[in-house]
Amino acid sequence: FGTVDYHYDILARRLRELSFLNNGVRIVLIDQRTGKEENFAFSGGVQGFVEYMNRAKNVLQPSVFLGRGIKEGITVEVAMQWNDSYQESVLCFTNNIPQKDGGTHLTGLRAALTRVLNKYIEENELAKRAKVETTGDDMREGLACVLSVKVPEPKFSSQTKEKLVSSEVRPVVEEIVAEKLREFLDEHPVDARTITVKIVEAAAAREAARKAREMTRRKGVLDSMGLPGKLADCQERDPAKCELYLVEGDSAGGSAKQGRDRRFQAILPLKGKILNVERARFDKLLSSAEIATLITALGCGIGKEEYNPEKLRYHRIIIMTDADVDGSHIRTLLLTFFYRQMPELVERGHIYIAQPPLYRAKLGKEERYLKDEHELNEFMLKQALVEAALHPRAGAEPIAGDALAQLAKSYLLSEAVMQRVSRLIDREALQAILRGVQIELSRRDTAEASAEALEAAIGGEGIAVAPHFDQKTDRYQVRIERTRHGNVRMSTIDTEFVHSGDYAQIRQTAQMLAGLIGDGAYVQRGDKRQPVRDFPEAMRWLLGEVEKSMTLQRYKGLGEMNPEQLWETTMNVEARRLLKVQIEDGIAADEIFTKLMGDEVEPRRAFIELNALGVRNLDV
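Since the structure is predicted, the reported quantities are computational estimates derived from the model, not experimental observations.

Caption draft 1: Seen up close, a negative patch on the surface. Together, Glu-122, Glu-123, Glu-179, Glu-183, Asp-186 and Glu-187 give the surface a local cluster of negative charge. Listing elements by their share of the negative patch, those giving two or more residues are α3 (104–123) and α6 (169–187). Counting residues per element, the negative patch draws most heavily on α6, which supplies four residues. Considering the arrangement of structural elements, one finds Glu-123 in helix α3. Taking relative accessible area as the criterion, Glu-123 reaches 56% and is therefore assigned exposed.

Written as structure tokens, this is what we have:
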């Protein structure tokens, strides 16, 4: 292998599966690159796995259905629990190996599920009263299920083992699941009624969706014979070569239509925010004009009866929205639509996110488009170091070129770390660490010495620094209390921070700058020179000189760019940047969509509170 790159999320997902499937096994995953660590010691087997899958959802029955059995040397374990969502989530395993495409074990499960639940509904005349007919799809709406089989000599469709083809597995699974499910329904009548009412409601919604589809087709909205009027299609007919840009608003859509390469690039402007499909049933989804337009443009249909990913008209679907809150919301709504209604398009790598530049910088005759703030800082640093030299003290050799660049990059990286961490830890305390104060918290005496050194380095009134022993972690900390206008703000430096990469970066820069600047120090750029007292002052002057001569424009919306700029920065295959949307952990992806886009407010609020301090670009 030319490149070996381990994806933490993929490994974590697989080890989590193994921990559940092998009840009682404890697995620890440590990423030594980042210090991230996770302990997988899940209990409960397949039942615990289903509870884990449903932990962010509203479950319909409190008790998880669990069925176990052995027949003809084949062991079957299945756990099922319904929730109030509209998606089916079934995970299949053979000898602990996951089958993404199911197989004979999944066929047996579905057959048993349909037969037993249909019989229960008929006996209780639930569907008759609702005047609907239930199908297997209705029974699996909102179902979270884990099916694990142990087979002596399993046969798979390919070497990737993504589909089980052992014919002897189906009847065994069907018989065991049917028997155990019948027992569960008889023993839990309240749960049985809750599940079957959900199934009948799903059947009624499916019937309403069918009528809505027929109505919209009669109106010509979903008619596959004609394409939407807003769509500017491309000339190419080979889907593998075609791209569809989903553009926010008519203004940006107009620029994109003029700037595109019409041979293979199609443009579909979307007006406003599309429907949040996480909270909507299928019939409501079809009534949305923007979604109906999108479905028609894609050409692959929608719904279990008509959806066929092979008919997709464009193999690159590129979401292109503004770099503001509304743009992010529209992008999230579109991703929710694709993930919930057309997951194969995400799995096959057809969905992309455009990366339009955030800045346009002009310096003299040179003009550059810059993707984000990080790229802007790199560009400014590169310009600041042109013909620059630092004279650290009178009579000393100047520092220039790569040596100065290394110092500057380390310092600016530490500045960025301090900017982020200062939301949690007093900024002046962080600057004192950059000036050389070391924090040691292993014992009481070292914690006291660290607190004293920190207080002396910060200085000034209204500041108190003291060691503190934390009973929860059984470790020492340094507490910083700052009083301003009678208000006290407290922050803590703990062992976790001292052992983090952030502290290591600040300490590394502190060691590089220790004793560097002396009397008579000055910085020079071209013909200009400036006396300095420390390295941060030198960097501020150099970057300030660049700012004076640079014209900087920040793009808020795609509509601010003319067609040539949009082509040059975001649509030109030779120069553009695209983010490919991939699913590394299906359960985690499902959970985050449920949390952020679902009906429940509390989990979303908790997520915002937990991540509020980590926000970098807040558009208010």
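Caption draft 2: Inspection of the packing of aromatic side chains at higher detail. If you walk through the whole model with that rule in mind, you get nine aromatic pairs. The interplanar angle of 10° and the centroid separation of 4.7 Å between the aromatic rings of Phe-20 and Phe-49 together place this pair among those described as stacked. Taken together, the residues Phe-20 in helix α1 (residues 8–21) and Phe-49 in helix α2 (residues 45–53) connect sequence positions 29 residues apart. On the numbers, 5.4 Å between centres and 65° between planes, the contact of Phe-337 with Phe-338 is edge-to-face. Site record: aromatic cluster; members linked through ring pairs are Phe-20, Phe-49, Tyr-52 and Phe-93. Its guanidinium or amino end placed over the ring of Tyr-352, Arg-316 lies 5.3 Å from that ring's centre, counting from NZ or CZ. One cation-aromatic arrangement involves Arg-529 over Tyr-522; the distance from NZ or CZ to the ring centre is 3.8 Å.

Caption draft 3: Expanded view of the pairing of strand β4 (residues 74–82). Burial runs high along β4: eight of the nine residues are buried. Where strand β3 (residues 65–71) and β4 come together, seven bridges link them in antiparallel fashion. Bridge assignment links Gly-67 to a residue of β4, and that residue is Val-78. In textbook terms, the turn of a hairpin is the stretch between consecutive antiparallel strands, and for β3 and β4 this stretch comprises two residues, one of which, Glu-72, has a positive phi near 55°. Examined bridge by bridge, β4 and strand β7 (residues 143–150) share eight bridges and lie antiparallel to one another. Looking across to β7, one finds that Val-76 is bridged to Val-149.

Caption draft 4: Just the state of the cysteines, in detail. In the structure shown here, the tally under the stated rule is zero disulfides. Between Cys-300, a cysteine without a disulfide, and Cys-242, which holds the nearest cysteine sulfur, the sulfur-to-sulfur distance is 14 Å. Judged by relative accessible area, which is 1%, Cys-300 ranks as buried.

Analysis parameters
Residues numbered from 1 in each chain as written. Predicted model: local features only at pLDDT ≥ 70, side-chain atom pairs only at ≥ 80, totals over all residues. Heavy atoms only, no water. Patch = residues over 30% accessible without salt bridge, like charges linked within 9 Å, V, L, I, M, F, W, Y side chains within 5 Å. Areas by Shrake-Rupley, 256 points an atom, 1.4 Å probe, with all protein chains shown as cover. Salt bridge = Lys/Arg side-chain N within 4 Å of Asp/Glu carboxyl O. Lys, Arg positive; Asp, Glu negative; His and termini not counted. Charge placed at Lys NZ, Arg CZ, Asp CG, Glu CD. Helix = DSSP H or I, 4+ residues; strand = E, 2+ residues; numbered from the N terminus. Buried < 20%, exposed > 50% of the residue type's maximum accessible area, 1.4 Å probe, protein only. Phe/Tyr/Trp six-rings, centres within 6.5 Å; stacked < 30°, edge-to-face > 60°. Lys NZ or Arg CZ within 6 Å of the ring centre and 35° of its normal. Pairing = 2+ DSSP bridges. Disulfide = S-S within 2.5 Å.

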